[in-house]
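Architecture and fold: a report
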Amino acid sequence: MDTVAEQLPQLPKENIVGEPSRKNTAPCVDYISHKINKKDPKANIICAPADHLILDPISFTSTCLNALQFVQKHSALVTLGIKPTRPDTGYGYIQFETEQVADNVYKVKTFTEKPNLELAKTFLKSGDFLWNAGIFVWNVKSILAAFKSHLPEMDEMFTNELDVLNTPGEVDMIERIYSQCTNISIDYGIMEKADNVYVIPSNFGWSDLGTWASAYENLDKDEAGNAVQGKNVMLVDAANCMVKAPHDKLVLLQGLDDYIVIDTADVLLVCKKENEQQIKEYVAEVKRHKGDKYL
């Protein structure tokens, strides 16, 4: 919380709220929605990750204003979907109806979590699938009604403590409640179950930087398509690679095409970019055989 206050000094400190433990996104959304509702029961809310890259803030602002206007008038849960540029297997996908219900607002048909490559190619070709950016917009009453319907046990814990919200006793209360909350995402807990979910197709230069492909896409590249971070990296007959190495270490790579190479003090990773989604499996293998030392 101190870091947030330091980086966003314009925010009142009482508006910066922390979680006592990691419980995925549903508990924190339920918590903050009740807290906001107690102060302003007509509030409209944007729920967005803090670590995403947005290159076109003007377009992003315009899209958010469109979403806020829609949820102010409708009992709707809106998600911002990103028009895909490649068949990425690291993102979730949103399928939407072709007929809009308002200006650039469409009913959601299905959510698909991280498809395989062939399915991702099919999604891209169809034209009615978007990347799930994890950016949501809703009226506070709409999201609280969704929690009451789809995650009633979790919501009841917060509802039973409404008198304590926005008081000095809130910190102790949240410590107690969080330990009992289910570890579940807002996507699984609410968005995939609710029938009033809508999407706004968007294009504001978005990346969650959560995959090597997205990181590579947003880095400067040389004439051979190599994205290099490291002062002493030398590439010979190499193309379309992403390389990260310590500045004081000489790294020479020859003959690689479309590889990820990450060199740290105690770990060297060399992996084809097309297999990056398997890195999580490799990490699990490392943990199984070598413990946590290299993680």
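These lines cover the structure that appears in this document, whether it is placed above or below. (Residues numbered from 1 in each chain as written. Predicted model: local features only at pLDDT ≥ 70, side-chain atom pairs only at ≥ 80, totals over all residues. Heavy atoms only, no water.)

This part is about the overall build of the protein. Looking only at helices and strands, one finds ten helices and 14 strands in the protein. Oriented by its inertia axes, the alpha-carbon framework of the protein measures out at about 65 × 45 × 40 Å. Counting the 295 residues in the protein, one finds 40% classified as buried. Considering only intrachain contacts with a sequence separation of at least 6, the fraction spanning at least 24 residues in the protein is 63%. Working note: accessible area of the protein is about 16,800 Å², and carbon and sulfur atoms make up 51% of it. When the 30 positive and 42 negative side-chain charges of the protein are each reduced to one mean point, those points stand 2 Å apart. (Helix = DSSP H or I, 4+ residues; strand = E, 2+ residues; numbered from the N terminus. Buried < 20%, exposed > 50% of the residue type's maximum accessible area, 1.4 Å probe, protein only. Contact = heavy atoms within 4.5 Å. Areas by Shrake-Rupley, 256 points an atom, 1.4 Å probe, with all protein chains shown as cover. Lys, Arg positive; Asp, Glu negative; His and termini not counted. Charge placed at Lys NZ, Arg CZ, Asp CG, Glu CD.)

This part is about the packing of helix α5 (residues 140-150) against helix α6 (residues 152-159). Between α5 and α6, the shortest axis-to-axis distance is 6 Å and the interhelical angle comes to 125 degrees. With respect to α6, the axis of α5 lies oblique. Together, L144, F147, K148, S149 and H150 of α5 and P152, M154 and D155 of α6 make up the contact between the two elements. (Axes fitted to C-alpha atoms, helices over the stretch in contact; angles between N-to-C directions. Parallel < 35°, antiparallel > 145°, perpendicular 65-115°, else oblique.)

On the surface, a nonpolar cluster with roughly 380 Å² of combined accessible area is contributed by M234, V236, L250 and L252. For L252, a relative accessible area of 53% translates into the label exposed. (Patch = residues over 30% accessible without salt bridge, like charges linked within 9 Å, V, L, I, M, F, W, Y side chains within 5 Å. Salt bridge = Lys/Arg side-chain N within 4 Å of Asp/Glu carboxyl O.)

Next up on the list: the state of the cysteines. All told, the structure shown has zero disulfides when counted by the stated rule. No disulfide involves C241; its sulfur sits 11 Å from the nearest other cysteine sulfur, which is in C271. A relative accessible area of 5% means that C271 is categorised as buried. (Disulfide = S-S within 2.5 Å.)

On to the pattern of salt bridges, then. Evaluated as defined, the whole model comprises eight salt bridges. A salt bridge links K35 to E170; the shortest N-O distance between them is 2.9 Å. In this pair, K35 is assigned in helix α2 (residues 25-39) and E170 in helix α7 (residues 170-178), connecting sequence segments 135 residues apart. When sorted by exposure, K35 lands in the same class as E170, which is buried. Linking R288 and E285 is a salt bridge whose minimum nitrogen-to-oxygen distance equals 2.0 Å. In this pair, R288 and E285 are both assigned in helix α10 (residues 279-290), three residues apart and thus about one turn of the helix distant. Here R288 falls in the exposed class, since its relative accessible area comes to 56%. According to the relative accessible area criterion, E285 is partly exposed, its value standing at 35%. Here the salt bridges share partners, and the residues they tie into one network are R86, D88 and E217.

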